[in-house]
Amino acid sequence: MSVKVAVNGFGTIGKRVAEAVLKQDDMTLVGVTKTKPDYLAMIASRMGSLYVPEDRVEKFQKAGIEVQGTLKDLLEKVDLVVDATPGGVGKEYKPLYEKFGVKAIFQGGEKHEVAGFSFSTLCNYEEAEGKQFARVVSCNTTGLLRLICALRNHFKVKSVRATIIRRGADPAETKKGPINAIVPNPVTLPSHHGVDVRTVLPDLDVQTVAAVVPTTIMHSHVLNVRFEEPVTREDVLKVLEEAPRILVIPSELSGVKDTAKIIELARDVGRKRYDLYELAIYEESVSVEGDELFLMQAVHQESIVTPENVDAIRALTGLVSKEESLKKTDSTLGIVR
Ligand code: NAD
């Protein structure tokens, strides 16, 4: 069986998910939507898969961009839509997805309630089967959950405290900032990220604080995890090194000690758009004091949710097991573990 997929919203997340879907042998990308006739619309049109809202067909035709049909035409043809429209827009589309009887995957910019089920491959893949809607949690939450669920598979986690240093904007977002400030986000504590983690792990004692800084390439997290019992640094490192989609940056790679160097590494190994799907953890930062773990990690915000979106398609449609989906997604995206 091949799941027929649409991507509504062909921006930072949508274009990456669409390309990832094209690489899978058990799903077919039927089409993507654009609202503006820009260069991305031209790329989608050349792929022969561009659909637009009903009232924009003329606008695209005037710009010389051929469209295959309207969003409604596209929804007629698919089993599932990945909604990658800007945060808050996805909920407006939910009634349409319901009307057309398609499954839908929303993104982290939507509230948990829009889908009623928040998804993270390592934490709750199996719970998605049979559901109509899922929401792939945000980039920061995906990073936190990868770490937490990898640890929970081996240790009893008592509490998690995280300080999140957020990128100010994605590289192309020239209207966003800050360009010269560190902005508490929010200034009242805690931040929403811990709340978001609990949409997937409701029983977890987790609190987060966050600040936005002038960088575009990655988020950084400073983590403090408390366990029910003492652990050793060696045991923690072994678990992290063996966990899927976690890249422990070895101490021996002495040049790689900041987000710029991590991105340079992604460039040098030939990752398209310097996408780093893996959660990057600095080995040297991993420290254990009795029952407490401290570490620092980095999240490439534009790409970390790509593999989770591909898995969510399989999880909602019951195509294959979690282990098989991890294997398929990671091998096609070039993720080595
Ligand atoms: P984006 O602005 O880069 O892309 C959104 C796309 O949707 C654009 O192509 C835009 O033209 C299109 N669009 C706008 N209004 C539309 C409409 N009414 N109907 C259809 N398409 C419309 O946004 P993004 O960064 O890709 O974010 C998409 C979602 O992913 C959001 O929920 C966001 O919170 C989440 N997310 C973003 C990041 C990130 O770092 N950019 C990371 C993880 C999750």
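Refer to the preceding data block for the structure.
Residues numbered from 1 in each chain as written. Predicted model: local features only at pLDDT ≥ 70, side-chain atom pairs only at ≥ 80, totals over all residues.

Caption draft 1: Fine view of the site of the ligand. If you check the shell around the ligand, you find 25 residues, and the closest are Gly9, Gly11, Thr12, Gln107 and Gly109. Among the elements that make up the shell around the ligand, the one with the highest residue count is helix 1 (residues 12–22) (3 residues). Each residue belonging to the shell around the ligand can be placed in one class, and the counts come to 7 nonpolar, 14 polar and 4 charged. (Near = placed C-beta within 6 Å. Helix = DSSP H or I, 4+ residues; strand = E, 2+ residues; numbered from the N terminus. Nonpolar A, V, L, I, M, F, W, Y, C, P; charged D, E, K, R; others polar.)

Caption draft 2: Quick look at the nonpolar core. Formed by 96 residues in total, the largest nonpolar core has its most connected members in Val5 and Ile281. Counting residues per element, this core draws most heavily on helix 8 (residues 139–152), at 7 residues. Three or more residues apiece are contributed to this core by two domains, here domain 1 (3–137 + 305–333) and domain 2 (139–299). Leave out the neighbours within four places in its chain, and isoleucine 281 touches Leu240, Ile246, Val248, Ile249, Val286, Leu295 and Gln297. (Core = buried A, V, L, I, M, F, W, Y, C linked by C-beta atoms within 7 Å. Buried ≥ 20, exposed ≤ 12 C-beta atoms within 10 Å, placed from the backbone. Domains from an automatic or database assignment. Contact = placed C-beta atoms within 7 Å.)

Caption draft 3: Spatial organisation of unusual backbone geometry. With an omega dihedral of 10 degrees, the bond running from glycine 177 to proline 178 counts as a cis peptide bond. By the secondary structure assignment, proline 178 is in the loop between strand 9 (157–167) and strand 10 (183–184). Leucine 189 connects to proline 190 through a cis peptide bond whose omega is -5 degrees. Within the fold, proline 190 resides in the loop between strand 10 and helix 9 (192–198).

Caption draft 4: Representation of the sheet that holds strand 1 (residues 3–8). Across the sheet, 8 strands lie side by side as 4-3-2-1-5-6-8-7; this open sheet has parallel pairing. At either end of the open sheet lies a strand with only one pairing partner, and these are strand 4 (69–70) and strand 7 (118–119). When strand 6 (residues 103–106) meets strand 8 (residues 133–136), the two strands line up parallel, connected through 3 bridges. By the bridge assignment for strand 8, alanine 104 is matched with phenylalanine 133. Where helix 5 (residues 90–100) meets the sheet, its contacts fall on strand 1, strand 5 (80–83) and strand 6, and the angle it forms with strand 5 comes to roughly 170 degrees. (Pairing = 2+ DSSP bridges. Axes fitted to C-alpha atoms, helices over the stretch in contact; angles between N-to-C directions.)

These values are about where atoms sit, not about what they do.
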